[in-house]
Amino acid sequence: MSETVSGHELTRATILNRAWPVMLANAAVPLLGLSDTAVIGNVGTPSDLGAIAFGAIIFSFVYWSFGFLRMGTTGFVAQAKGAKDELEIRSAVLRAVFTGLAIGCCLMLLKVPIADFSLSLLNGSDSVESVTRSYIDWRLLGAPAALALFALMGTMIGLGHTKALLAVQIFMNGSNILLDIYFAGVLEMGASGIALGTAIAEWTSLLLALFLVVRILKQRTQAELIPWQRLKDMASLRKTFSVNRDIMIRTFLLVSSFAWFVRESAQFGDNQLAANHILLQFISFSAFFLDAFAYIAEALVGEALGSQDMTGFDRAVRLSSELAIGFSLALAVGFSLFGEMLAGLLTQHDSITLVVGDNLTWASVYIFLSFAAFQFDGIFIGTTETAAMAKAAVISSGGYLLLSVVLTRYWGSDGLWLSFVALVVLRALALAWYYPALRRRIDQAS
């Protein structure tokens, strides 16, 4: 059994074959924002462009907050797959989809307070705020679809069908671009047309994802597609709520930590703020690759837990982590060597490029060390031991906040970067502290 997870041979090549579609799907996500900006930049007004910028910030934060719909679903589905419990796979999928639809409908009903609160923080001009409100109204029409889609994407990852995930992402990007051009360009709806096009793309992508997931489930077994009795099981519902709550806490603290980094960057001047923004783009790009191995780890360790295969669990952790280390090192070296040149392509201001060069070592160190936090996240999500993730987020975010206040006072921007690196190291160390207990529980169950 040393070579397997649930009876299937597990090698580095197997993991890479699952991971590369996730990498491409992750890389395709920011293209949605780029296509929105490109279209409105050519056919819209400055107010439309400002509304798109505000809208991107607002919806990134809102949707990130409900990322548990993707992560939690992967863990539950993978464990049910390992246990060969087809009814529980269907139940986990449906619970997450219904939750996503319900939350999305609530967001639609709360569009006015969401707009009021968001715009009070962003402080734009009257014209931009007016257009942004219209953008939010139209974009929220797609909220139920977008959140339900998170659940279906988690299902595809948990079942190992990452190429289906890539197909959905490509379809969503392509349809979004075409709809952007039609509504914003042909019909001259401006930012509102961009929002409407994105909402329609989200609904059509949801239909495609539903079709693919139903087909995958039917290929696995002809069991009852909607197991109503399982759906009403209170123990499973409580577990789902608990896992989702923990992941939401973790995500909120992580997003807030990044926001604090940006906020503190501003005190060192516009050039430092702009340079740190570019360096964060490098870090985000690296996350496309490292997240892919974390996603695969989620599915593999969840499956191993479900099948009570301790040897398969250890092998999944080791092989996925080895690949993550290799990619993180390659990415760190690549950005340290070519980051300044890449920054020159993103800005025409030499003063900003020079500041990027001065801070490249910090960003490269962050990228290399971040693999551990990504991998531990994947392991704890896949085993749905998410309470440790929430605790680790509290510890690391609190430590980072304290360090940033102290270190920036003495070492300026270098102190801010040192505390930011400490954030990802503290996350990994905190989860490493909880890992032996997690492994013992799995070993006792196998």
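About the criteria used
Residues numbered from 1 in each chain as written. Predicted model: local features only at pLDDT ≥ 70, side-chain atom pairs only at ≥ 80, totals over all residues. Heavy atoms only, no water. Helix = DSSP H or I, 4+ residues; strand = E, 2+ residues; numbered from the N terminus. Rg over C-alpha atoms; globule rule 2.2 N^0.38 Å. Buried < 20%, exposed > 50% of the residue type's maximum accessible area, 1.4 Å probe, protein only. Contact = heavy atoms within 4.5 Å. Areas by Shrake-Rupley, 256 points an atom, 1.4 Å probe, with all protein chains shown as cover. Axes fitted to C-alpha atoms, helices over the stretch in contact; angles between N-to-C directions. Parallel < 35°, antiparallel > 145°, perpendicular 65-115°, else oblique. Left-handed = near helix turned anticlockwise from the far one by under 90°. Nonpolar A, V, L, I, M, F, W, Y, C, P; charged D, E, K, R; others polar. Core = buried A, V, L, I, M, F, W, Y, C linked by side-chain atoms within 4.5 Å. Phe/Tyr/Trp six-rings, centres within 6.5 Å; stacked < 30°, edge-to-face > 60°. pLDDT = per-residue confidence, 0-100. Salt bridge = Lys/Arg side-chain N within 4 Å of Asp/Glu carboxyl O. Patch = residues over 30% accessible without salt bridge, like charges linked within 9 Å, V, L, I, M, F, W, Y side chains within 5 Å.

Novice: Can you break down the overall build of the protein chain residue by residue, with the values?
Specialist: The helix and strand tally for the protein chain stands at 15 helices and two strands. Taken over C-alpha atoms, the radius of gyration comes to 22 Å for the protein chain, in line with the 22 Å a tight globule of 446 residues would show. Every one of the 446 residues in the protein chain was classed for burial, and the buried ones make up 54%. Long-range pairs, those at least 24 residues apart, make up 83% of the contacts in the protein chain with a sequence separation of at least 6. For the protein chain, the exposed surface amounts to about 19400 Å²; the carbon and sulfur share of it is 67%.

Novice: Residue-level account of the packing of helix H4 (residues 86-109) against helix H7 (residues 143-158), with values.
Specialist: H7 packs onto H4 with a crossing angle of 160° between their chain directions and a minimal axis gap of 7 Å. The angle between H4 and H7 places the two elements in the roughly antiparallel class. Regarding H4 and H7, the two cross each other, and that crossing is right-handed. From H4, Val93, Ala96, Val97, Gly100, Leu101, Ile103, Gly104, Cys105, Leu107 and Met108 reach across to H7, where they touch Ala143, Pro144, Leu147, Ala148, Ala151, Leu152 and Thr155. A breakdown of the residues in the contact of H4 with H7 according to their chemical character gives 14 nonpolar, three polar and no charged.

Novice: Please set out the nonpolar core residue by residue, giving values where relevant.
Specialist: Ranked by size, the top nonpolar core spans 123 residues in total, and within it Leu107, Phe313, Val356 and Phe420 carry the most contacts. Among the elements that make up this core, the one with the highest residue count is helix H15 (residues 387-445) (16 residues). Sequence-distant contacts of phenylalanine 313, defined by excluding residues within four places in its chain, comprise Val301, Ala304, Ile379, Thr383, Tyr435, Arg439 and Ile442.

Novice: Describe in detail the packing of aromatic side chains, supporting the description with residues and values.
Specialist: Tallying each qualifying case throughout the model produces 19 aromatic pairs. Between tyrosine 63 and phenylalanine 150, the aromatic rings sit 6.3 Å apart at their centres with planes inclined by 85°, giving edge-to-face as the arrangement. Here tyrosine 63, found in helix H2 (residues 46-65), pairs with phenylalanine 150, found in helix H7; they are 87 residues apart in sequence, far enough to count as distant. According to the relative accessible area criterion, tyrosine 63 is buried, its value standing at 8%. Between tyrosine 182 and phenylalanine 183 the ring centres are 5.2 Å apart and the planes differ by 70°, which places this aromatic pair in the edge-to-face class.

Novice: Explain the confidence of the model for the protein chain residue by residue, including any values.
Specialist: For the protein chain, mean pLDDT is 87; residues scoring 70 or higher make up 95% of the total. Within the protein chain, the element-level pLDDT minimum falls on strand S1 (residues 4-5), averaging 54, and the maximum on H7, averaging 94.

Novice: Kindly report on the environment of alanine 430, identifying the contributing residues and their values.
Specialist: Within the element layout of this structure, alanine 430 appears in helix H15. In this structure, the C-alpha to C-alpha distance between alanine 430 and glycine 197, residues 233 residues apart in sequence, is 42 Å. Excluding residues within four positions of it along the chain, alanine 430 makes contact with Ala392 and Ile395.

Novice: Before we move on, can you summarise the pattern of salt bridges with the specific residues and values?
Specialist: Counting across every chain of the model gives 15 salt bridges. Between arginine 12 and glutamate 322 there is a salt bridge, and its shortest N-O distance comes to 2.7 Å. With arginine 12 in helix H1 (residues 12-43) and glutamate 322 in helix H13 (residues 310-346), this pair connects stretches of sequence that are 310 residues apart. Residue glutamate 322 is classed as partly exposed on the basis of its relative accessible area of 31%. With a shortest N-O distance of 2.5 Å, arginine 427 and aspartate 377 are connected by a salt bridge. On the criterion of sequence distance, the pair formed by arginine 427 in helix H15 and aspartate 377 in helix H14 (residues 350-382) is long-range, its members being 50 residues apart. For the pair arginine 427 and aspartate 377, one class covers both residues: buried.

Novice: So what's going on with the packing of helix H12 (residues 270-306) against H14? Which residues, and what values?
Specialist: Two elements in contact, H12 and H14, have axes separated by 7 Å at closest approach and are oriented at 20°. With respect to each other, H12 and H14 are oriented roughly parallel. Judged by the sense of rotation from one axis to the other, the crossing of H12 with H14 is right-handed. Tallied by class, the residues present in the contact of H12 with H14 amount to 23 nonpolar, 10 polar and two charged.

Novice: Give a detailed account of a nonpolar patch on the surface, specifying residues and quantitative values.
Specialist: Nonpolar side chains collect at one region of the surface, where Leu401, Leu402, Val405, Val406, Tyr410, Trp411 and Leu418 lie side by side and expose about 710 Å² of accessible area between them. Here leucine 401 is to be found in helix H15.

Novice: Break down unusual backbone geometry for me, with residues and values.
Specialist: Even without glycine at this site, lysine 84 takes up a positive phi of about 55°. Positive phi values are uncommon outside glycine, yet glutamine 308 reaches one of about 55°. On the secondary structure map, glutamine 308 appears in the loop between H12 and H13.

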